[in-house]
Amino acid sequence: MKPVISKLGFFASLCLGLAGCASTGGSPDALESSDPEATFDISGERVPSANTLLTMAHILAKNGNDPQCEIVLRKLIESHPDCGEAYNELAELCMRQDRSEEAARVVEHGLEQLPHDPVLWNNLGMIQLLREDYEAAVEVFTSACAASPLDARPRANLASAMAMQGRLEEAESLYMQALSRKDAYHNLAVLCRARGEHERADWYRELA
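Residues numbered from 1 in each chain as written. Predicted model: local features only at pLDDT ≥ 70, side-chain atom pairs only at ≥ 80, totals over all residues. Heavy atoms only, no water.

Draft legend 1. Expanded view of the packing of helix 6 (residues 100-113) against helix 7 (residues 118-130). Closest axis-to-axis distance for the helix 6/helix 7 pair is 10 Å, and the angle between their directions is 160°. When the axes of helix 6 and helix 7 are compared, the pair comes out roughly antiparallel. Like other packed secondary-structure pairs, helix 6 and helix 7 cross with a definite hand, here left-handed. Counted together, S100, A103, A104, V107, E108, G110 and L111 of helix 6 and L120, W121, L124 and I127 of helix 7 form the full contact between these two elements. Residues that form the contact of helix 6 with helix 7 fall into these classes: eight nonpolar, two polar and one charged. (Axes fitted to C-alpha atoms, helices over the stretch in contact; angles between N-to-C directions. Helix = DSSP H or I, 4+ residues; strand = E, 2+ residues; numbered from the N terminus. Parallel < 35°, antiparallel > 145°, perpendicular 65-115°, else oblique. Left-handed = near helix turned anticlockwise from the far one by under 90°. Contact = heavy atoms within 4.5 Å. Nonpolar A, V, L, I, M, F, W, Y, C, P; charged D, E, K, R; others polar.)

This is the structure:
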């Protein structure tokens, strides 16, 4: 894991980033019409399954149609509020459009429905990290670690947030639990340089 200094690259490098689901092929119309999992609401209207709506959203996003993608994702959240992927996908869309506050609200809404979802916790931490609210990021990543104690990725993200606060010894200890020694020192070098601590960055680079 080798982060870079730019916000987008830094965000993408920190383990999960905003995690969604892989898409499948096919057209939205064909998917909805052949959806074996579709249910019906009280009026008898056909309600597509969560998987169908997610696939439609992926196709729309791939085609650059974020407005329609957002409509589908909001419909998915309304009809399937326990679908964690929907909140993640919508938050990712908001981040693409520099709507970080709204992205955070989307994930927080998801956590109201799924309070123990480690991916939602991790993604909320990533958003706070991008917003440079390192205190909030540390708090959220701590919750992500509690939700998934065997997953090294939230620990690495927590280390990154701590490093950006200047808590380098704590960050180093966490990185050593999550990454190889070489990658831990590489990340610390990059984060120190981002903080303007060039001498310490050079020292970590030598260790790496």
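Draft legend 2. Focus on the nonpolar core. Counting residues in each nonpolar core, the largest one holds 29 residues, and the members touching the most others are L73, L76, V107 and I127. Looking at this core, the elements with two or more residues in it are helix 3 (50-62), helix 4 (66-79), helix 5 (84-96), helix 6 and helix 7. Among the elements that line this core, the one with the most residues is helix 5, at seven residues. Residues within four places of L76 in sequence aside, it is in contact with A50, L53, L54, P81, C83 and A86. Membership of the second largest hydrophobic core comes to 27 residues, among which are M126, A161, A163 and L174. (Core = buried A, V, L, I, M, F, W, Y, C linked by side-chain atoms within 4.5 Å. Buried < 20%, exposed > 50% of the residue type's maximum accessible area, 1.4 Å probe, protein only.)

Draft legend 3. Region of interest: unusual backbone geometry. A positive phi angle, near 60°, is found at D98, a position not held by glycine. In this structure, D98 sits in the loop between helix 5 and helix 6. With phi around 65°, E132 is a residue other than glycine that occupies positive phi space. Relative to the helices and strands, E132 is located in the loop between helix 7 and helix 8 (134-147).

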